[in-house]
Amino acid sequence: MENADLKLDGNAAAGELREIFGAEMTIVRATCGSCGAVREMGALSVYLHAPGTVFRCPGCDAVLVRIVRAEERLWLDPSGVSCLELRTGA
Amino acid sequence: MARAAVLGRLNWLLAELVELVPETPRVKSLVLAAPGWPGHRPGQHVDVRLTAEDGYQAQRSYSIATPPDGERVVLTVERLEDGEVSPFLVDELLVGDRIELRGPIGGYFVWDGADRAPLHLVAGGSGIVPLMAMLRHRAGLGSAGPAALVYSARTEGELIYREELDRLAADDGALRIAYTLTRERPPGWTGYDRRIDPGMLGEVLGGADPNATAFVCGPTRFVEVAADALVGLGYEPGRVRTERFGPSGR
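Because the structure is predicted, anything quoted here is derived from the model rather than measured.

Visitor: Looking at this structure, I do not really get the pattern of salt bridges. What am I missing?
Guide: Opposite charge on two side chains lets them pair, provided their charged atoms get close. One pass over the full model with this rule turns up 26 salt bridges over all chains. Residues Lys7(A) and Glu224(B) are paired through a salt bridge, measuring 3.3 Å at the closest nitrogen-oxygen approach. With Lys7(A) in the segment before strand S1 (8-9) and Glu224(B) in helix H5 (residues 220-232), the pair connects residues from two separate chains. Lys7(A) gets classed as buried once you look at its relative accessible area, which sits at 17%. Judged by its relative accessible area of 24%, Glu224(B) is partly exposed. A salt bridge links Arg29(A) to Glu85(A); the nearest nitrogen and oxygen atoms lie 3.5 Å apart. Linking Arg29(A) in strand S2 (residues 29-32) with Glu85(A) in strand S8 (residues 81-85), this pair joins segments that are 56 residues apart in sequence. We classify Glu85(A) as partly exposed; its relative accessible area is 44%.

In structure tokens form, the structure reads like this:
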């Protein structure tokens, strides 16, 4: 099976993001730190088969966010994202 | 629901199976009563968690097949032969059994028909499920903009919700539905007989209306082909919303 077959959308990790942030994150707009493209997190490429969850930019394929769990801890590396835009009003 | 409101953490709810509806030989709909369910929007999904006697847990996401209906949630699940969760849900779960679920989840792949903009849907296999929630919701709205669905399956017997879809299309002049069967066609089949391509999508959806939102759901490769075709037809990429299932299902 090729890696390309395993690609999912940000939506597939919506439950995990909600668990971590306590908010609906798929409509949060993320700016790719590599190419500058801005997309809602639901539109990012997501891979769940790695030892963890990996978000990539669908435009340039750069890694944006990584989430890894082990026992009672969780690491979240957002270093590929340069900005997150959340809506604070209705 | 305020779109960007802080929702708080999701809790696992215990939902009881109240009815099991066979859809195709490999697909069943699970009608669940979920006390404490906060309601949902068409297109959203839930996480289902199973716990074995030894404590081992397996968790999967399933799309909700129905529009908001109080504490009732319907999941349509396809049995994957090598699956860890779906064979249990489809073959072993009995009415009265309880499963853990949390949700609703997702705010990106949702459609609640707030505007009357055209709704363009492309489904591959069990990718029809969240799109069915949208079509059922649309039917309940009374007044809605035009809608079109291209639904691809391998064989006629694998088309989920076939009768209901035909009925919805017959009752609604603003809804167009086209099927394509990629592997096997019954005698006299008048639908499409090939994998989806730009020509087919253009014929059924009627070209890229700049106000239309397209929702594409299915196996990863199917979604890639469909989304690329839609963008090629002139849809703005931001209005093509995708939900990939992975290699063969979820």
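Moving on, there is more to tell.
Visitor: What should I look at first to understand the sheet that holds S8(A) in this one?
Guide: Strand pairing within a sheet occurs via backbone hydrogen bonds; the two strands may be parallel or antiparallel. Residue and element names in this part refer to chain A. Read across the sheet, three strands follow the order S3-S2-S8 without closing on themselves; strand pairing throughout is antiparallel. Both outer strands of the open sheet, strand S3 (38-40) and S8, are each paired with one neighbouring strand and no more. The mean angle between the axes of side-by-side strands here comes to 25°, regardless of whether they run parallel or antiparallel. As judged from the three bridges shared by S2 and S3, these two strands associate in the antiparallel manner. Bridging across to S3, Thr-31 finds its partner in Val-38.

Visitor: Any chance you could explain the packing of aromatic side chains here in plain terms?
Guide: How two aromatic rings sit relative to each other is given by the distance of their centres and the angle of their planes. Residue and element names in this part refer to chain B. Counted according to the given criterion, the structure contains three aromatic pairs over all chains. Taking the centre distance of 5.2 Å and the plane angle of 85° together, the rings of Phe-109 and Phe-215 count as edge-to-face. Placement of the pair is Phe-109 in the loop between strand S6 (98-105) and strand S7 (119-124) and Phe-215 in strand S10 (residues 213-218), with a sequence separation of 106 residues. Ring centres of Tyr-179 and Trp-189 lie 6.5 Å apart, and the angle between their planes is 50°; on these two criteria the pair is classed as tilted. Taken together, the positions of Tyr-179 in strand S9 (residues 175-181) and Trp-189 in the loop between S9 and helix H4 (198-205) put the pair ten residues apart, joining distant regions of the chain.

Visitor: Honestly, the confidence of the model for chain B in this entry has me stumped. Any pointers?
Guide: Note that predicted coordinates carrying low pLDDT should not be read in detail. Residue and element names in this part refer to chain B. In the predicted model, chain B carries a mean pLDDT of 92, and 96% of its residues have values of at least 70. Per-residue pLDDT stays below 50 along residues 1-6; that stretch engages in ten contacts with residues further than four places along the chain or on separate chains. Predicted complex metrics record ipTM = 0.86 and pTM = 0.92.

Visitor: Please clarify how the sheet that holds strand S7 (residues 73-77) of chain A should be interpreted in this entry.
Guide: Residue and element names in this part refer to chain A. On the basis of which strands lie adjacent, the open sheet formed by five strands has the order S1-S4-S5-S6-S7 and antiparallel pairing. What marks the edges here is a single partner per strand, and that holds for S1 and S7. Docked against the sheet, helix H1 (residues 14-21) engages strand S5 (53-56), strand S6 (63-70) and S7, running at close to 75° with respect to S6.

Visitor: When you look at the interface of chain A and chain B in this model, what are you seeing that I'm missing?
Guide: Note: interface size is frequently given as the accessible area lost on complex formation between the parts. Contacts between chain A and chain B engage 27 residues on the former and 27 residues on the latter. Here chain A meets chain B over a buried area of about 2300 Å², counting both sides, of which 48% is carbon and sulfur. Secondary structure elements with two or more residues in the side of chain A that touches chain B: S1 and H1 of chain A. When residues in the side of chain A that touches chain B are grouped by element, the largest group, seven residues, is from H1(A). Counted by class, the side of chain A that touches chain B contains eleven nonpolar, six polar and ten charged residues.

Visitor: It is not clear to me how the side chain of Arg18(A) should be interpreted in this structure. Could you clarify?
Guide: On the secondary structure map, Arg18(A) appears in helix H1. One buried charge, Arg18(A), has no salt-bridge partner; the nearest side chain with opposite charge is Glu24(A), at 4.8 Å. Polar contacts involving the side chain of Arg18(A) include one to the main-chain carbonyl oxygen of Pro104(B), which spans 3.3 Å.

Visitor: Would you take a moment to explain a nonpolar patch on the surface for this structure?
Guide: All names here are of chain A. Where nonpolar side chains cluster on the molecular surface, the patch consists of Phe-21, Leu-74 and Leu-76 and spans about 220 Å² of accessible area. Mapped onto the elements of the fold, Leu-76 is located in strand S7. Leu-76 sits in the partly exposed class, given a relative accessible area of 31%.

Visitor: I keep staring at unusual backbone geometry and nothing clicks. Help me out?
Guide: Residues other than glycine predominantly adopt negative phi, and peptide bonds predominantly adopt the trans conformation. For the bond running from Gly103(B) to Pro104(B), omega is 0°, close enough to zero to count as cis. Examined against the element boundaries, Pro104(B) turns out to sit in strand S6. A positive phi angle, close to 70°, is found at Asp61(A), a residue other than glycine. Residue position: Asp61(A) is located in the loop between S5 and S6. According to the relative accessible area criterion, Asp61(A) is partly exposed, its value standing at 40%. The backbone of Glu71(A) shows a phi angle near 50°, a positive value even though the residue is not glycine. In this fold, Glu71(A) is placed in the loop between S6 and S7.

Visitor: In this structure, what is going on with the packing of H4(B) against H5(B)? I would like to understand it.
Guide: What describes two packed helices is the angle between their axes and the distance between those same axes. Residue and element names in this part refer to chain B. Their axes nearest at 9 Å, the elements H4 and H5 cross at an angle of 65°. H4 and H5 meet at a crossing whose hand is right-handed. Together, Pro-198, Leu-201 and Leu-205 of H4 and Ala-226, Ala-229 and Leu-230 of H5 make up the contact between the two elements. Split into classes, the residues belonging to the contact of H4 with H5 amount to six nonpolar, no polar and no charged.

Conventions and cut-offs
Residues numbered from 1 in each chain as written. Chains lettered and ligands numbered in written order. Predicted model: local features only at pLDDT ≥ 70, side-chain atom pairs only at ≥ 80, totals over all residues. Heavy atoms only, no water. Salt bridge = Lys/Arg side-chain N within 4 Å of Asp/Glu carboxyl O. Helix = DSSP H or I, 4+ residues; strand = E, 2+ residues; numbered from the N terminus. Buried < 20%, exposed > 50% of the residue type's maximum accessible area, 1.4 Å probe, protein only. Pairing = 2+ DSSP bridges. Axes fitted to C-alpha atoms, helices over the stretch in contact; angles between N-to-C directions. Phe/Tyr/Trp six-rings, centres within 6.5 Å; stacked < 30°, edge-to-face > 60°. pLDDT = per-residue confidence, 0-100. Contact = heavy atoms within 4.5 Å. Buried area = accessible area lost by both parts, 1.4 Å probe. Nonpolar A, V, L, I, M, F, W, Y, C, P; charged D, E, K, R; others polar. Lys, Arg positive; Asp, Glu negative; His and termini not counted. Polar contact = N/O pair within 3.5 Å; in protein donor to acceptor, adjacent residues only side chain to side chain. Patch = residues over 30% accessible without salt bridge, like charges linked within 9 Å, V, L, I, M, F, W, Y side chains within 5 Å. Areas by Shrake-Rupley, 256 points an atom, 1.4 Å probe, with all protein chains shown as cover. Left-handed = near helix turned anticlockwise from the far one by under 90°.

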